[in-house]
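# A structural walkthrough
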Amino acid sequence: MDGWMDPPLETLSGNGDHDSVDVTSWVSVCPRGLWKVQRKRIGERSQQTVSNSGAGSSGYCPRLGSLCRVQVRLRTEVDEAESLVSEKGNETLSVTDVTEAAATTFPRCQDSVLQVPLGDWTALRLGDGQCDITEACVEGMRAGEKCEIMISPAGNGPDVSVPATAEENLPICATVELKSFTPGKEFWEMSPGEKWEWVKSHKERGGVRFRSGDVWGAADSYSRALKLLISLYGHVREEKKKGQEHRTGEQRDTNTGDQTQQLPSEDEFRTTKAELHSNLSLCQLKLNQPERARASAAKATQLEPGGAKAWYRLGQACQMVNELDEARQAFKKLLEIQPESPAALKALKNIASREKETNAQLGLRLSKMFS
């Protein structure tokens, strides 16, 4: 897979009820790194569904694009407000609470794990990646349900020795409540045009996050974009065979009534995929993941041999894993694209210096062996 980390392992345990699962575990990303999340449902499985969402199980839980009204509170806050929660338990929940609303706008905070305003009702659009932990929670919930979550740093997660924010007494314990949500779609229900719009959205969001210093969030956005983009390859090839540079009249799901959209040309598809791999490689370099950065950059150079940034990042990654021959070739390729590139010349000089030092050390060891 083109992701930036290994797929998380999910652990499930049942309670004897075939319609529900008690505990789910996974790994989520936030600006400060990777965190392990354990979710436990509170109370009975809700039978409420969203109106006009179509037949099948997809109507019971939010899907990609669903606008979800959620509230996240720390465990201590829940204990203090238990009586108020009890009173709200009898409310009649309705999807109309969010049908006319837009997703709540708030910046991702470098010091926050939960990412959402605590204690407030917040509108999140599923799939945006604004808060990976909360989104992953509500994916398996129904309107009116609550769950408890316990969050702790994962293997390559953040440095928990930094001053803790108000939300962090590790492990973090909180509750997530899903009040209502609008209809969304399963991945396989989306039209190619809809997927392409999500790809562009994730790519743009990744750039915004990287520039703000949210490298983990940027890597997550680029990975989401790649996952969707790969599924479009067959559609793009089909259009090329038909002799069309752009797809015209690509009708979305007739149940949505949305207007038609275009697919990228094969050249645009290849360029976009190369840029995503190159950008992901830069994130992986920043996150000290040189092997992954090397693989991502190599894919980018294969897709776009003229991409100077990808060759430079490939050379950097190879230097970090001490593959100096491969690094030299990457920087020489960069010089072919950008003659007299200061970065490439400096890198080649550094490689020559490292090789000279290595050879000198080897010669010294050999002379001692045979002296």
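Below, the structure is looked at part by part. What you are looking at is a predicted structure, and each value in this text was computed from that prediction instead of being measured. (Residues numbered from 1 in each chain as written. Predicted model: local features only at pLDDT ≥ 70, side-chain atom pairs only at ≥ 80, totals over all residues. Heavy atoms only, no water.)

## Details of the overall build of the protein chain
- On a plain count of helices and strands, the protein chain comes out with 12 helices and seven strands.
- Each of the 371 residues in the protein chain was classed as buried or not, and the buried ones make up 45%.
- By element, 49% of the accessible surface of the protein chain is carried by carbon and sulfur atoms, the whole surface being about 19400 Å². (Helix = DSSP H or I, 4+ residues; strand = E, 2+ residues; numbered from the N terminus. Buried < 20%, exposed > 50% of the residue type's maximum accessible area, 1.4 Å probe, protein only. Areas by Shrake-Rupley, 256 points an atom, 1.4 Å probe, with all protein chains shown as cover.)

## Regarding the packing of helix α5 (residues 192–211) against helix α6 (residues 215–230)
- Direction vectors running N to C along α5 and α6 enclose 165°, while the axes themselves pass 8 Å from each other. Overall, the two elements α5 and α6 adopt an arrangement that is roughly antiparallel. Relative to α6, α5 is oriented so that their crossing is left-handed. In contact with Lys195, Trp196, Trp198, Val199, His202, Lys203, Arg205, Gly206, Gly207, Arg209 and Phe210 of α5, α6 contributes Val215, Gly217, Ala218, Asp220, Ser221, Tyr222, Arg224, Ala225, Leu228 and Leu229.
- A breakdown of the residues in the contact of α5 with α6 according to their chemical character gives 10 nonpolar, five polar and six charged. (Axes fitted to C-alpha atoms, helices over the stretch in contact; angles between N-to-C directions. Parallel < 35°, antiparallel > 145°, perpendicular 65-115°, else oblique. Left-handed = near helix turned anticlockwise from the far one by under 90°. Contact = heavy atoms within 4.5 Å. Nonpolar A, V, L, I, M, F, W, Y, C, P; charged D, E, K, R; others polar.)

## Observations concerning α5
- For α5, with 20 residues, the first-to-last C-alpha span of 29 Å sits near the 28 Å given by 1.5 Å per residue.
- Looking one or two residues beyond α5, the residue adopting positive phi is Gly213, at roughly 95°. (Expected span 1.5 Å × (residues − 1).)

## What to know about helix α8 (residues 266–286)
- Compared with an ideal rise of 1.5 Å per residue, which puts 21 residues at 30 Å, α8 spans 31 Å between its outermost C-alpha atoms and is within 8% of the ideal.
- Positive backbone phi, approximately 60°, marks Asn288, located one or two places after α8.

## Quick word on the environment of Ser221
- If you trace the backbone, Ser221 turns up in helix α6.
- Taking the C-alpha atoms as reference, Ser221 lies 8.7 Å from Gly207; in sequence the two are 14 residues apart.
- The contact partners of Ser221, leaving out residues within four places of it in the chain, are His202, Arg205, Gly206 and Arg209.

## Looking at unusual backbone geometry
- For Gln115, which is not a glycine, the phi torsion comes out positive at approximately 70°.
- Relative to the helices and strands, Gln115 is located in the loop between α3 (96–99) and β5 (121–125).
- Judged by its relative accessible area of 6%, Gln115 is buried.
- Not every positive phi belongs to a glycine, and Asn288 is a case in point at roughly 60°.
- The exposure class assigned to Asn288 is exposed, which follows from its relative accessible area of 57%.

## Considering the packing of aromatic side chains
- Tallied over the full model, the rule gives two aromatic pairs.
- Sitting above the plane of the Trp121 ring, Lys179 keeps its charged end 5.6 Å from the centroid.
- Its guanidinium or amino end placed over the ring of Phe187, Lys195 lies 4.2 Å from that ring's centre, counting from NZ or CZ. (Phe/Tyr/Trp six-rings, centres within 6.5 Å; stacked < 30°, edge-to-face > 60°. Lys NZ or Arg CZ within 6 Å of the ring centre and 35° of its normal.)

## A few points about the pattern of salt bridges
- All told, the structure shown has 18 salt bridges when counted by the stated rule.
- Across the pair Glu135 and Arg224 runs a salt bridge, and its minimum N-O distance is 3.9 Å. With Glu135 in helix α4 (residues 132–138) and Arg224 in helix α6, this residue pair connects regions lying 89 residues apart in the sequence.
- The shortest N-O distance in the salt bridge between Glu194 and Lys185 comes to 3.0 Å. Per residue, the accessibility class of Glu194 equals that of Lys185, and both read buried.
- Overlapping salt bridges, with partners in common, bring together Asp132, Glu135, Asp220 and Arg224 in one network. (Salt bridge = Lys/Arg side-chain N within 4 Å of Asp/Glu carboxyl O.)

## Quick look at the nonpolar core
- By size, the foremost hydrophobic cluster in this structure holds 28 residues, and its most contacted members are Leu114, Ile149, Ile151 and Val176.
- Of all the secondary-structure elements, those providing two or more residues to this core are β2 (23–30), β3 (33–42), β4 (67–74), α4, β6 (146–153) and β7 (172–181).
- Element by element, the count of residues in this core is highest for β7, at five residues.
- Core analysis: the second largest hydrophobic core is formed by 23 residues, Val29, Ala218, Leu263 and Phe269 among them. (Core = buried A, V, L, I, M, F, W, Y, C linked by side-chain atoms within 4.5 Å.)

## Observations regarding the environment of Thr105
- Looking at the secondary structure, you find Thr105 in the loop between α3 and β5.
- We classify Thr105 as exposed; its relative accessible area is 78%.
- Separated by 17 residues in the primary sequence, Thr105 and Thr122 place their C-alpha atoms 9.1 Å from one another.

## Points about the pairing of β3
- Pairing geometry for β2 and β3, over eight bridges, is antiparallel. Paired with Val23 across the bridge in β3 is Lys40.
- The hairpin formed by β2 and β3 contains two residues between the paired strands.
- Across eight bridges, β3 lies against β6 in antiparallel orientation. When the sheet's bridge partners are listed, Val37 is paired in β6 with Ile151. (Pairing = 2+ DSSP bridges.)

## Overview of the packing of α8 against helix α9 (residues 290–303)
- Their axes nearest at 8 Å, the elements α8 and α9 cross at an angle of 160°. Our classification of the angle between α8 and α9 gives roughly antiparallel. Crossing angle aside, the handedness with which α8 passes α9 is left-handed. Here Arg270, Lys273, Ala274, His277, Ser278, Leu280, Ser281, Gln284 and Leu285 of α8 come into contact with α9, specifically with Arg292, Ala293, Ser296, Ala297, Lys299, Ala300 and Leu303.
- Partitioning the contact of α8 with α9 into residue classes produces seven nonpolar, five polar and four charged.

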